[in-house]
Amino acid sequence: MSVSRPAAVIVLAAGEGTRMKSRLPKVLHEICGRSMLGHVLAAAGETDPERTVVVVGHGRDQVVRHLADTAPEVATAVQETQNGTGHAVRMAVEALHAQGVRLSGTVVLAYGDTPLLRGRTLADLVAAHEAAGSAVTVLSARVPDPAGYGRVVRDASGAFTGIVEHADATEEQRAVDEINSGMYAFDGALLADVVTRLSTDNAKGEEYITDAVAILRGDGHRVDAAPAADWVEIQGVNDRVQLAEARRLLNDRLLTELMRSGVTVVDPATTWVDAGVRVGRDAVLEPQTQLRGTTAIGEGARVGPGALLTDTAVGDDAVVRHVVAEGADIGAETTVGPYAYLRPGSVIRPGAKIGTFVEVKNSTVGEGSKVPHLTYVGDADIGVGVNIGASSVFVNYDGVTKNRTTIGDHARTGSDNMFVAPVHVGDGAYTGAGTVVREDVPPGALAVSSGSQRTIEGWVERKRPGTAAAEAAQRAAKGEERRRGE
C-alpha cells in the first residue's frame, strides 16, 4: 500500500536539559553543523508532513528565534510549565485546533534531542502504522542495555500489548531488550481525543503520553510496536558526554556515506564533516580536515591535511593544504596553501595559486595568477596571469573606509610593494621592489618609488662604538687589510 503524508509531526523541545549545564537550551546544542533540533526536523521533513509543530518551553525565545532563522515554515506551540510529555502533546494539538486544524491522518511524535534519528526510520514507522491500521504504533528498539527504559510487552504470539516502566517491571520483563523510544505514530483524530483523557495520578503528577497506549487499547483499538532498524537512532542526548558520543557517531555515518559515494577519507578518526557538506567523486580528504556548513568539494580535489573550510566551494582537481577558509570560492585546478587564510568574499579563479602565509579578503584573484608568499590581499581585483611579489600589502583601509585596488592582466609586481587604495595598476605594468604605489600605473609602465641607494662607510663604528656590530665590522676591516697585504 502507498503511505500517505503524515498529517503532522510533533517535536517535543520544551525541556530544560539541566544536565547540559548550559545557558543554551539543550535542543539547540550543535552537532555536525546543525542544532540537535535541526537534525530532528530534517529527519521529519523527509516524510513530507503537511505541517510540523515544535513544542517549546524552557528557553523558548532562543528556540523560536532559531526556528525563525533555520526553519521558518515550522509552527510552534508553548508549554508554559513542563507537566509531562502528554501535556506537551496536548499543547500542540490545542495550538493546531486554535488555528482551525483538525487532525485527520497519521501524526508522528518525535523528540528534539535525538539528533541521530533518520528520516527513513520515521517513514518506516508511518508505513508500519498505516499497514496495520493501528490507533498508535510505538517506535521500539532492541538495545544492548535496556536498564532504565520502559519495556515493550508482547504476548505469546508476539503481539504488542503495552509498555511497562523499568521500575514497575518484573524480573522477566526486565530481561526484555526491546524498549520504548518515546516516539509514536498516532491516528490523528484518536490522538486529539486521548490527550484530553491522560491522568496525572502518578508520582510526579504529570501527564504521560505513554498512558495513551493503554487507554486506546482499553477502548478496543489496535496498538502496535515497530522496532527501529538501528537502535542508535533513538538515543537521546542529555549531557555533554552524550553530545560528544552522538557527534562521533553522526560524523562516522556522514564519512561512511561519502566513502561509499567515491570519496577517499585517509583518516576518518581525524576528519570531520557537517551534514550540509557535499564532496565529489575521487576527492581526497587528508587527515585533520574539517569541512563545515555548506562547504562543497569538487571532483578530484585534494583537501588537507590540516584544512578548516567553512561555507567554502572548492573546484574540481584543486589542492588545498593547511588552509583556513570561510565563505571563499576556490576555482578548479587551483593550489592554495600551505598556511593560507581565505576570508569571506575571496574568489580564486581556476588555475590560480595562493601560497604560503598569504591572506585574502573580499578579493578576486584572476585565472592563472599567483600570490606566492607573505602577502595580504584585501579588497582587490587581480587580473589574469598576474604575479604578486613576496611581502606585498594591499593597503585597503584609510581609517574610515575600505577602498579597492585593481591589478590589470599580466602585470608583474615587485617584492615588498604597498598598494595604497584606491589605486589601479594597468595591464602588463611592472612595479619595482619596495615600491609604494600611491598613484595609478598606466598599462605597460614601470612604477618605482625609491631613490638610488646611498652607502655611508664607517657609520657603525662612528655611531655605535663598543657594540657587537661595531666589533664585527672592525674584525672584517682588519681581515680585509690582511688579505690586501698578502
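It should be noted that the structure appears before, not after, this text.
Please read all numbers here as calculations on a predicted model, not as lab measurements.

Peer 1: Where do I start with the overall build of the protein chain in this structure?
Peer 2: Looking only at helices and strands, the protein chain has 10 helices and 39 strands in total. The C-alpha atoms of the protein chain give 33 Å as radius of gyration, which overshoots the globular expectation for 486 residues (23 Å, by more than 25%). With the C-alpha coordinates of the protein chain rotated into their principal frame, the extents come out at 115 × 45 × 40 Å. Here the protein chain holds 486 residues, and the buried ones make up 46% of them. Considering only intrachain contacts with a sequence separation of at least 6, the fraction spanning at least 24 residues in the protein chain is 41%.

Peer 1: Help me understand a negative patch on the surface, please; the structure alone is not making it clear to me.
Peer 2: Together, Asp282, Asp316, Asp317 and Glu333 give the surface a local cluster of negative charge. With respect to the element layout, Glu333 can be found in the loop between strand 23 (329-330) and strand 24 (335-336).

Peer 1: Could you clarify how one ought to interpret the pairing of strand 8 (residues 151-154) in this entry?
Peer 2: It is a general feature of regular strands that their side chains alternate between the two faces of the sheet. Here strand 8 pairs with strand 9 (residues 160-164) via four bridges, running antiparallel. By the bridge assignment, Arg154 is partnered in strand 9 with Phe160. With antiparallel pairing between neighbouring strands as the criterion, strand 8 and strand 9 make up a hairpin whose turn holds five residues, including Gly158 at a positive phi of roughly 95°.

Peer 1: Explanation requested: the pairing of strand 11 (residues 223-227) in the structure shown.
Peer 2: Counted residue by residue, strand 11 has four buried out of five residues, so it is predominantly covered. Judged from the five bridges that link them, strand 7 (residues 136-142) and strand 11 form a sheet pairing that is parallel. Along strand 11, the bridge assignment pairs Val138 with Ala225.

Peer 1: I tried to follow the sheet that holds strand 33 (residues 405-407) on my own but got confused; where do I start?
Peer 2: Hydrogen bonds between backbone atoms are what pair the strands of a sheet, whose relative direction is either parallel or antiparallel. Overall, parallel pairing links the nine strands, which are arranged 14-17-20-23-26-28-30-33-36 in an open sheet. Two strands close off the open sheet at either side, each with one partner strand: strand 14 (278-279) and strand 36 (423-425). Relative to strand 17 (residues 296-297), strand 14 runs parallel, the two sharing two bridges. Note on strand 17: the bridge partner recorded for Val279 is Ile297.

Thresholds applied
- Residues numbered from 1 in each chain as written.
- Predicted model: local features only at pLDDT ≥ 70, side-chain atom pairs only at ≥ 80, totals over all residues.
- Heavy atoms only, no water.
- Helix = DSSP H or I, 4+ residues; strand = E, 2+ residues; numbered from the N terminus.
- Rg over C-alpha atoms; globule rule 2.2 N^0.38 Å.
- Buried < 20%, exposed > 50% of the residue type's maximum accessible area, 1.4 Å probe, protein only.
- Contact = heavy atoms within 4.5 Å.
- Patch = residues over 30% accessible without salt bridge, like charges linked within 9 Å, V, L, I, M, F, W, Y side chains within 5 Å.
- Areas by Shrake-Rupley, 256 points an atom, 1.4 Å probe, with all protein chains shown as cover.
- Salt bridge = Lys/Arg side-chain N within 4 Å of Asp/Glu carboxyl O.
- Lys, Arg positive; Asp, Glu negative; His and termini not counted.
- Charge placed at Lys NZ, Arg CZ, Asp CG, Glu CD.
- Pairing = 2+ DSSP bridges.

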